[in-house]
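Next come the chains, spelled out residue by residue.
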Amino acid sequence: MIKTLANGTDTSRLLELYYWTREPGIVELIRAYLDMPERTQRSLSTFLLNGRPSLISSAFDQQGRLVLGRMPVDQAGVFPGRSSRQVQGT
């Protein structure tokens, strides 16, 4: 299998895949995603791919469910204690 990957794959992409596997929690995240029903996978993928990551908010509700949403553009990157005009990186 490794020979097949190495021979048929751009080495830069193979190296990138290796680095991704070194990220803490990534394997568990991928397994959890793959354990989701296909319809849920599609919905989550659509939500994440059609938005800007800096505009996605998340929180757990009282039942322990993860609730994802989109923040208004004017709130993106705002941190507690900062005015709404100060955004991340400024």
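Up top is the structure.
What you are looking at is a predicted structure, and each value in this text was computed from that prediction instead of being measured.

Parameters and conventions
- Residues numbered from 1 in each chain as written.
- Predicted model: local features only at pLDDT ≥ 70, side-chain atom pairs only at ≥ 80, totals over all residues.
- Heavy atoms only, no water.
- Helix = DSSP H or I, 4+ residues; strand = E, 2+ residues; numbered from the N terminus.
- Polar contact = N/O pair within 3.5 Å; in protein donor to acceptor, adjacent residues only side chain to side chain.
- Patch = residues over 30% accessible without salt bridge, like charges linked within 9 Å, V, L, I, M, F, W, Y side chains within 5 Å.
- Areas by Shrake-Rupley, 256 points an atom, 1.4 Å probe, with all protein chains shown as cover.
- Salt bridge = Lys/Arg side-chain N within 4 Å of Asp/Glu carboxyl O.
- Buried < 20%, exposed > 50% of the residue type's maximum accessible area, 1.4 Å probe, protein only.

1. Some words on the environment of Gln63
Right, on to step 1. Summarising the element assignment, Gln63 is placed in the loop between β1 (56–60) and β2 (66–70).
Right, on to step 2. Only 2.9 Å separates the side chain of Gln63 from the side chain of Arg65, close enough to count as a polar contact.

2. Topic: the environment of Met71
Right, on to step 1. Residue placement: Met71 occurs in the segment after β2.
Right, on to step 2. Once the C-alpha coordinates of Met71 and Leu55 are considered, the two residues, 16 residues apart in sequence, prove to be 5.0 Å apart.

3. Digging into a nonpolar patch on the surface
Right, on to step 1. A surface patch of nonpolar side chains, amounting to about 340 Å² of accessible area, comprises Leu15, Tyr18 and Tyr19.
Right, on to step 2. As for its placement among the helices and strands, Tyr18 is situated in helix α2 (residues 11–21).
Right, on to step 3. Residue Tyr18 is classed as partly exposed on the basis of its relative accessible area of 46%.

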